[in-house]
Structures are given as structure tokens and as C-alpha cells.
Amino acid sequence: MITVKCFARYRALLGFADLGLPAAPTLGDLLADPRFAALPKDALLAVNQSFADRSTPLADGDEVALMPPVSGG
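Below or above, wherever it landed, is the structure these notes cover. (Residues numbered from 1 in each chain as written. Predicted model: local features only at pLDDT ≥ 70, side-chain atom pairs only at ≥ 80, totals over all residues. Heavy atoms only, no water.)

**Topic: the pairing of strand E5 (residues 63-67)**
So the rule is basically this: Paired strands are those between which DSSP finds at least two bridges. Helix and strand labels come from DSSP, where a helix needs a run of H or I of at least four residues and a strand needs a run of E of at least two; each type is numbered from the N terminus.
Note that strand E1 (residues 2-6) and E5 share 4 bridges and pair parallel. In the sheet register, Val4 faces E5, and the bridge partner there is Val64.

Next up, the structure:
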């Protein structure tokens, strides 16, 4: 099982804060699930609290975080 956590505006956009999903081979495969169709392409992605890209392999028990890009001045 993979735990997916959504932060900030992605909670409202995707309709959940935490979601458990069956393990997928890569982060990109997991994000191909229709529940993530509204996720913007510029989303920050993390696996087990380290930034990741869609080619990152996943294993049972991993935690995926979806965060909006950050800006500031």
C-alpha cells in the first residue's frame, strides 16, 4: 500500500488529504490513476520525504507527497 498525502490547495483540487492506494512500479504509474487527473504538471512530488520525479520507483509502504510549487520574495 502507498500512502498519498496532498498539501495546500491540492487537498481541495483532488478532493482528499490522505489516500491509500495499491503499490505501483513508479511514481508516474501511480499518478496515472484517474483520481490525479487534475494534478498540475508543475506539482512538487516527494517520496518518503525526498523530492522525486515521475520515474522514481515505488515500493509497498512508501509515502508520496503532492505539493504546489512555492514562490516568495
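**Remarks on the sheet that holds strand E3 (residues 44-47)**
Strand order in the open sheet made by the 5 strands is E2-E1-E5-E3-E4, with mixed pairing throughout. In the strand order of this sheet, the two ends are held by strand E2 (18-21) and strand E4 (50-51), each with one partner.

**Some points on the pattern of salt bridges**
Under the convention used in this document: Salt-bridge detection follows one rule: a side-chain nitrogen of Lys or Arg within 4 Å of a carboxyl oxygen of Asp or Glu. Between buried and exposed lies partly exposed: a residue is buried under 20% and exposed over 50% of the maximum accessible area for its type, with that area taken using a 1.4 Å probe on protein chains only.
Applying the stated rule across the entire model yields 2 salt bridges. Notably, a salt bridge pairs Lys5 with Asp18, separated by 3.7 Å at the nearest N-O pair. Here Asp18 lies in strand E2 and Lys5 lies in strand E1, a separation of 13 residues in the sequence. Asp18 gets classed as partly exposed once you look at its relative accessible area, which sits at 49%.

**Looking at the environment of Ala65**
Operational definition: For this analysis, residues touch if any pair of their heavy atoms sits within 4.5 Å.
Relative to the helices and strands, Ala65 resides in strand E5. A relative accessible area of 10% places Ala65 in the buried class. Taking the C-alpha atoms as reference, Ala65 lies 8.0 Å from Asn48; in sequence the two are 17 residues apart. Ignoring sequence-local partners within four residues, the contact set of Ala65 consists of Lys5, Phe7, Leu44, Leu45 and Ala46.

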